[in-house]
Amino acid sequence: MEIKDIKIIDILQDGRGVARTESKTAFVEKAVYGEICNIKVNKEKKNFFEAEKIKTLKKSPYYRKPPCPYFYECGGCSIMDINYKSQIELKKNLIKNALLKSAKINIEELEIIESKEFSYRNKIRLQITKEGKLAYNKKYSNDLVEIKDCLLAKDLIRENLGKIENITKEISKKYPNSLEEITIRANDKEILLNIKIKDEKIIPYIKNQYKNSYFNINLINKKEKTNISGKNYLIYNLLGKKFKITMNDFYQVNDNMTEKLYKTAKDFLGENQKVLDLFCGSATSSIAINGDNVVGIEINKNAIKDAKGNAKENGLKDYKFIAKNANYIDHKFIKKEKIDAIVLDPPRAGLDKEIIKTIAKTKIKNIVYISCNPQTLARDINRFQNKGYKLDKIKACDMFSETMHAEVIALIQKM
Ligand SMILES: C[S@@+](CC[C@H](N)C(=O)[O-])C[C@H]1O[C@@H](n2cnc3c(N)ncnc32)[C@H](O)[C@@H]1O
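Residues numbered from 1 in each chain as written. Predicted model: local features only at pLDDT ≥ 70, side-chain atom pairs only at ≥ 80, totals over all residues. Heavy atoms only, no water.

(A) How the structure looks around the site of the ligand. Looking at the ligand, there are 15 residues lining it, with Y262, F279, S285, E298 and A326 nearest. Between the ligand and S285 there is a distance of 2.8 Å, counted from a nitrogen atom to a side-chain nitrogen or oxygen. Split by residue class, the shell around the ligand holds eight nonpolar, four polar and three charged. (Near = heavy atom within 4 Å. Polar contact = N/O pair within 3.5 Å; in protein donor to acceptor, adjacent residues only side chain to side chain. Nonpolar A, V, L, I, M, F, W, Y, C, P; charged D, E, K, R; others polar.)

Take a look at the structure:
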């Protein structure tokens, strides 16, 4: 079915356009925010259409020519075809709508701290073709699009992408289809490569060829990790502190914005408190937001090892980092540890209901919630509201320009 003359009024988090037809909402692939177009319905669901744009009738006022030649194919960026100011407006709406829908909170003004648009990512993950070429997944599919550059990656990564591909091509020439995926991380001086391999037989060859590589190279085969050259971690400087981040530890991808994110969290939190940092990773959040007097909980044992090292390196005196599932905490633990305030920074799925119940049983007044998913944040704020809390402050950071993602920081207070 074709529907004509329809306006794209919003963009979903996955980059699809949103249009209202006479009967249902349509989610439209390949559409630009603000344009008027004809669409083809590919699937009719109970409450919506899955569709694709087939013809633009009137260009969007927000349109700009995407600066990346891979944009229309590559699944990495979703809104590079609209100007940056409009990207920010769209994200504001996304966050405001989530809060209104799930928590019945109507926010008039929401500040989003803006980022530099390009060269911001300290980490990119690429697929590797049979011949060793580097590629991203295509939009809306698992097919690959080979790339020679990524405008989002830090300059050091972009400058070295060709050399990195020479390595993956050379290995694949000797052992075709032996490499799966590569994660490239960089600080200001060094690059760390984390290559997922398909067969351990190739390890001796790689070791022999690349043991003296300029890059820090590590291999992952199933769960086994092998260091080939250099280190398996990088050191990052953040707000005057130093952090060791091992290859599988979580670390925010946009260095500049991470500083702004943590400064905002620090402002929301206040000072001179003992803080529980749930989902603390390698303690970058704990140390940058609160400094000393922290208890951190994190499921990744290696991140906890780094957290303890980072605490020591940065001169903390009163700290405890525990390798446990976040739902390990109960109100007795919070009382025993004399916790004054809580920082929450969960993965995209948000918080387990039990954690909210546990926190609500305590007398903790201030909770700073850092979220990369406005939908689960809004759901969890609603759950906190049902337990006698209110949203006091909220701000966002544009951590991920050219995509519909943002980091949101909320101060939730006991009433
Ligand atoms: C968004 S990251 C935040 C890390 C850290 N706060 C930072 O800013 O670097 C979420 C962290 O939660 C950890 N995690 C995921 N599920 C968890 C769970 N059930 N319990 C504890 N930690 C978990 C992940 O390993 C990851 O380090």
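(B) Just the pattern of salt bridges, in detail. If you walk through the whole model with that rule in mind, you get 29 salt bridges. For E117, the salt bridge identified is with R64, shortest N-O distance 3.0 Å. Residue E117 is found in the loop between β7 (112–113) and β8 (123–128), and its partner R64 is found in the loop between β6 (48–58) and α1 (84–103); the two are separated by 53 residues along the sequence. Ionic contacts of the salt-bridge type, sharing partners, join the residues K30, K40 and E52 into one network. (Salt bridge = Lys/Arg side-chain N within 4 Å of Asp/Glu carboxyl O. Helix = DSSP H or I, 4+ residues; strand = E, 2+ residues; numbered from the N terminus.)

(C) The arrangement of the domain arrangement of the protein in detail. You can read the domains of the protein as domain 1 (2–63), domain 2 (96–115 + 252–414) and domain 3 (123–234). The C-alpha-based centres of domain 1 and domain 2 are spaced at 36 Å. Residue-level contacts link four residues of domain 1 with eight residues of domain 2. For the pair domain 1 and domain 2, the summed buried surface comes to about 380 Å²; carbon and sulfur atoms form 42% of the total. When the buried area of domain 1 at its contact with domain 2 is split by residue, D10, I11 and Q13 rank highest and sum to 96% of it. (Domains from an automatic or database assignment. Contact = heavy atoms within 4.5 Å. Buried area = accessible area lost by both parts, 1.4 Å probe.)

(D) A look at the state of the cysteines. Under the defined criterion, the tally for this structure stands at zero disulfides. There is no disulfide at C280, and the cysteine sulfur nearest it, in C372, is 16 Å away. (Disulfide = S-S within 2.5 Å.)

(E) Region of the structure containing the sheet that holds strand β23 (residues 407–414). Taken together, the eight strands give an open sheet; going across it, the order is β7-β22-β23-β21-β20-β17-β18-β19, and neighbouring strands pair in mixed fashion. In this open sheet, the two strands that pair with only one neighbour each are β7 and β19 (319–323). Sheet topology places strand β21 (residues 366–371) next to β23; six bridges connect them, and they run antiparallel. Within the sheet, the bridge partner assigned to I370 lies in β23 and is I409. (Pairing = 2+ DSSP bridges.)

(F) Examining the side chain of N194 more closely. Examined against the element boundaries, N194 turns out to sit in strand β12 (residues 191–197). Relative accessible area serves as the criterion here: at 7%, N194 is assigned to the buried category. Sequence-distant contacts of N194, that is, excluding residues within four places in its chain, are made with E181, I182, T183, N218, I220, M247 and N248. (Buried < 20%, exposed > 50% of the residue type's maximum accessible area, 1.4 Å probe, protein only.)

(G) The pairing of strand β18 (residues 294–298), seen in detail. Burial of β18 is extensive: five of the five residues sit out of reach of the surface. Of the two faces of β18, both are covered, the one formed by V294, G296 and E298 as well as the one formed by V295 and I297. As judged from the four bridges shared by strand β17 (residues 275–278) and β18, these two strands associate in the parallel manner. Within β18, the position partnered with L278 by the bridge is I297. Handedness of the crossover joining β17 and β18 through helix α5 (residues 284–290) is recorded here as right-handed. Two elements, β18 and β19, share five bridges in a ladder whose sense is parallel. In the strand pairing of β19, E298 is matched with A323. Handedness of the β18-helix α6 (residues 301–313)-β19 crossover: right-handed. (Right-handed = clockwise from strand over helix to strand, strands pointing away.)

(H) Structural context of the nonpolar core. Residues L126, I182, I184, L193, I195 and V368 are the most contacted members of the largest nonpolar core, which totals 79 residues. When neighbours within four sequence positions are excluded, L193 is seen to be in contact with I164, I182, T183, I184, F215, N216, I217 and N218. (Core = buried A, V, L, I, M, F, W, Y, C linked by side-chain atoms within 4.5 Å.)

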